[in-house]
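Given next are the chains, with one letter for each unit.
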Amino acid sequence: MLRNIWKFLLLIWMGVVIWGAFTYTPTAKALGETTRILYFHVPCSWVATLSFLIAAISGILYLVKNDLKYDLWAENAAHLGLFFTVLATITGSIWAKVIWHPFWNWDPRETSIFILLLIYAAYFALRSAVEEDEQKARLSAVYVILAFITVPFLVFIVPRIYDSLHPDPVINAQGKIKMNGKMLQVFFASMAGFTVIFFWMLRLKVQTALLERKLQMRKFKKLTENRDV
Amino acid sequence: MAHRKSNFIHKSWAVFRKDIQLEFRTRYVINAILMFALTVLTAVSFSIGPLRLRVEIGAALLWIILFFSAMSGLAHIFVREEEQQTADTLRLFSRPVNIFLGKWFFNLLLLYSLEIIIVPLYFVFLNVPDPVLSIFLPVLFLGSFALASASTLIGAIISQASARGALFAVLTFPIVLPVMFSGIHGTQLSFARASFLDCLSDLQVLLSFSVVILTGSVLLFEFVWRK
Amino acid sequence: MSDIYVVLSVNLLIWFSLFGYLFALDRKVQKLKKMLEND
């Protein structure tokens, strides 16, 4: 029970974050009450990007060490990445609709998150097109690494081409964060909470996959044992 | 020292020569890629008619045509090896680095050859402004360089997968987005009669992207190629 | 005033899907553990 105490702490932590987001923090002038979405939407984007990093690192580890467990980490990180990218896109879109009316604007942040979505989709398309496990792991590792090294270019280019509709005068998550003290506290608390949730989910997923494999191997063993008898 | 270096280039060149000789005999992929590009160009030109295109749209159309033409042909040198089952023999004879460089050079030449024909036709069929050549040509050259470089590694990846045609475009598009952005933007500048200095950032991006992608591809190709 | 409902619905969406995902994951782990014990 003591091992699981961190789960309860996490629950309380996020509860406080949510309460803080709704009552403790002030609102930004241009955005009104919708400012509060920031404490939930931005962490989703952050986790989506973090998943990408984890998947790329797992890919490198697989290519170096040739252990399929790294492929498991990569695949499940990508699953979660896709999940959080969709969440970030939807919540961002809702936010955009409320403030600037169109659901989609192709401004730099929206474009970046959409590109991330494309990369994850491409990753899974590749995986489903390859049958053999080792080959699947190898090729998808190469792809996710290749995709990852293009990220610096995207970060540099995307803001240049289009004018940003993201509320830069108030919130600029990439450069200086022009949020006041209270906002910053809740913001970073939320980011930390989401990160912990992410790693928890990732670990759960990898554990599940390993258990499934154990089960499969046991079934296989049983089958072959029975045939011998 | 000089001997080892020339041996390296010699080996890559040997891979390239084999591919180009085969291609000269059959002319398979150059025809396919050319017909595809012509079809797209004709379709676009027919649909738009004599309308004068806005600078942004004209630039975008050019790179769309180039991208999809690349997608129709640049995986061929790997797919052919798999389909004709010559890949394993190739594995015995050459090192991955040489194989990659030889095939990369083939793709580069293929794309440039296509452009020699298609780009002038593009200006014939579509009503776009006359470009500032000092901007247009470097952007086209570097952009195609980047496009071919990225496509080669991904072509190698999909040659080992099923559903290759669609998969190639799906995998390549997110990777070459920086090339598309900068290529289109640079081409726009050439149509809008900007000065050369304006396009420097685009050229910078294209050049650095090419360097990074090529380096990455050379390092990663070995993992794709080994079985 | 209606803005706050937007924020609330965004929150609902996030927490609902997150907890749904977590719950499904947890159930799967429990099920698998049970299957392994039974074997």
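Residues numbered from 1 in each chain as written. Chains lettered and ligands numbered in written order. Predicted model: local features only at pLDDT ≥ 70, side-chain atom pairs only at ≥ 80, totals over all residues.

**Overview of the overall build of chain B**
Then step 1. Looking only at helices and strands, one finds 9 helices and 0 strands in chain B.
Then step 2. Listed N to C, the secondary structure of chain B is α-α-α-α-α-α-α-α-α in terms of helices and strands.
Then step 3. Scaling as 2.2 N^0.38, a compact globule of 227 residues should have a C-alpha radius of gyration of about 17 Å, and chain B matches this with 18 Å.
Then step 4. The C-alpha extent of chain B, read off along each of the three principal axes, is 55 × 40 × 30 Å.
Then step 5. Split into buried and exposed, the 227 residues of chain B put 44% on the buried side.
Then step 6. By sequence separation, contacts in chain B at least 24 residues apart represent 87% of the contacts at least 6 residues apart. (Helix = DSSP H or I, 4+ residues; strand = E, 2+ residues; numbered from the N terminus. Rg over C-alpha atoms; globule rule 2.2 N^0.38 Å. Buried ≥ 20, exposed ≤ 12 C-beta atoms within 10 Å, placed from the backbone. Contact = placed C-beta atoms within 7 Å.)

**Considerations on the nonpolar core**
Then step 1. Leu126(A), Tyr143(A), Ile157(B) and Leu171(B) are the most contacted members of the largest nonpolar core, which totals 128 residues.
Then step 2. A total of 15 residues in this core trace back to one element, the largest contributor, which is helix H7 (residues 133-158) of chain B.
Then step 3. Leave out the neighbours within four places in its chain, and Leu171(B) touches Ala122(A), Leu126(A), Tyr143(A), Ile154(B), Ile157(B) and Ile158(B). (Core = buried A, V, L, I, M, F, W, Y, C linked by C-beta atoms within 7 Å.)

**Points about the interface of chain B and chain A**
Then step 1. Contacts between the two partners involve 24 residues from chain B, matched on the other side by 23 residues from chain A.
Then step 2. Counting residues per element, the ones that place at least two in the side of chain B that touches chain A are H7, helix H8 (164-191) and helix H9 (200-225) of chain B.
Then step 3. When residues of the side of chain B that touches chain A are assigned to their parent elements, the largest contribution, 11 residues, is made by H8(B).
Then step 4. Grouping the amino acids of the side of chain B that touches chain A by side-chain chemistry returns 19 nonpolar, 5 polar and no charged. (Nonpolar A, V, L, I, M, F, W, Y, C, P; charged D, E, K, R; others polar.)

**Side note on the arrangement of the chains**
Then step 1. Across the 2 pairs of chains in contact, the largest number of contacts is found between chains A and B.
Then step 2. Across all C-alpha pairs, the smallest distance from chain B to chain C is 27 Å, and the two are not in contact.

**A short note on the confidence of the model for chain B**
Then step 1. Looking at chain B as a whole, the pLDDT averages 92, with 98% of positions reaching at least 70.
Then step 2. Complex prediction metrics read pTM 0.89 and ipTM 0.92. (pLDDT = per-residue confidence, 0-100.)

**Observations regarding unusual backbone geometry**
Then step 1. Even without a glycine there, the phi angle at Asn66(A) is positive, about 60°.
Then step 2. Inspection of the secondary structure assignment puts Asn66(A) in the loop between helix H2 (38-65) and helix H3 (68-100).
Then step 3. Backbone geometry at Gln85(B) places phi at a positive 60°, although glycine is not the residue there.
Then step 4. Note on placement: Gln85(B) falls in the loop between helix H4 (76-83) and helix H5 (87-93).

**A word on helix H5 (residues 133-149) of chain A**
It helps to recall that an α-helix has 3.6 residues per turn; residues three or four apart then point in one direction.
Then step 1. With 17 residues, H5(A) ought to run about 24 Å at 1.5 Å a step, and its terminal C-alpha atoms sit 24 Å apart, in line with that.
Then step 2. Burial runs high along H5(A): 12 of the 17 residues are buried.
Then step 3. As for H5(A), its buried residues are in contact with H2, H3 and helix H4 (108-128) of chain A together with H7, H8 and H9 of chain B. (Expected span 1.5 Å × (residues − 1).)

**Section: the packing of H4(A) against H5(A)**
Helix-helix packing: each pair is described by the crossing angle between the helix axes and the interaxial distance.
All names here are of chain A.
Then step 1. Interhelical geometry of H4 versus H5 gives an angle of 160° and a closest axis separation of 9 Å. When the axes of H4 and H5 are compared, the pair comes out roughly antiparallel. You can see that H4 and H5 cross each other, and the crossing is right-handed. Across from Ile-119, Tyr-123, Leu-126 and Arg-127 in H4, the residues of H5 making contact are Lys-136, Leu-139, Ser-140, Tyr-143, Val-144 and Ala-147. (Axes fitted to C-alpha atoms, helices over the stretch in contact; angles between N-to-C directions. Parallel < 35°, antiparallel > 145°, perpendicular 65-115°, else oblique. Left-handed = near helix turned anticlockwise from the far one by under 90°.)

**With respect to the environment of Trp200(A)**
All names here are of chain A.
Then step 1. When you line up the elements, Trp-200 lands in helix H7 (residues 181-228).
Then step 2. The partly exposed category is assigned to Trp-200, around which 15 C-beta atoms lie within 10 Å.
Then step 3. The sequence separation of Trp-200 and Lys-7 amounts to 193 residues, and the corresponding C-alpha distance is 9.2 Å.

**Description of the environment of Leu32(C)**
Then step 1. Structurally, Leu32(C) can be placed in helix H1 (residues 2-38).
Then step 2. Residue Leu32(C) is classed as partly exposed on the basis of its 18 C-beta neighbours within 10 Å.
Then step 3. Excluding anything up to four places from it in sequence, Leu32(C) contacts Thr208(A), Leu211(A), Glu212(A) and Leu215(A).

**Side note on the interface of chain A and chain C**
Then step 1. Facing 25 residues of chain A, the contacting portion of chain C comprises 21 residues.
Then step 2. Sort the elements by how many residues they give to the side of chain A that touches chain C and H7(A) lands first, with 11 residues.
Then step 3. Taken together, the residues of the side of chain A that touches chain C sort by class into 14 nonpolar, 5 polar and 6 charged.

**Quick notes on H9(B)**
Then step 1. Its 26 residues place the ends of H9(B) 36 Å apart at the C-alpha level, agreeing with the 38 Å of an ideal helix rising 1.5 Å per residue.
Then step 2. Along H9(B), the residues that are buried comprise Asp202(B), Val205(B), Leu206(B), Phe209(B), Ser210(B), Ile213(B), Leu214(B), Ser217(B), Leu220(B), Phe221(B) and Val224(B).

**Section: the packing of H2(A) against H3(A)**
Residues and elements named next belong to chain A.
Then step 1. Close contact between H2 and H3 brings their axes to 7 Å; oriented N to C, the two are set at 160°. Compared by their axis directions, H2 and H3 come out roughly antiparallel. By crossing handedness, the relation of H2 to H3 is classed as left-handed.

**Topic: the confidence of the model for chain A**
All names here are of chain A.
Then step 1. For chain A, per-residue confidence averages 85 on the pLDDT scale, and residues scoring 70 or more make up 89% of the total.
Then step 2. H5 holds the highest mean pLDDT among the elements of chain A, 96, whereas helix H6 (residues 151-161) holds the lowest, 77.
Then step 3. For the stretch residues 163-177, pLDDT sits under 50, and the model shows 22 contacts to residues farther than four places along the chain or on other chains.

**Observations regarding the environment of Phe191(B)**
Residue and element names in this part refer to chain B.
Then step 1. Within the fold, Phe-191 resides in helix H8.
Then step 2. Overall, Phe-191 belongs to the buried group, with 21 C-beta atoms counted inside 10 Å.
Then step 3. Residues Phe-191 and Phe-78, 113 residues apart in the sequence, show an inter-C-alpha distance of 36 Å.

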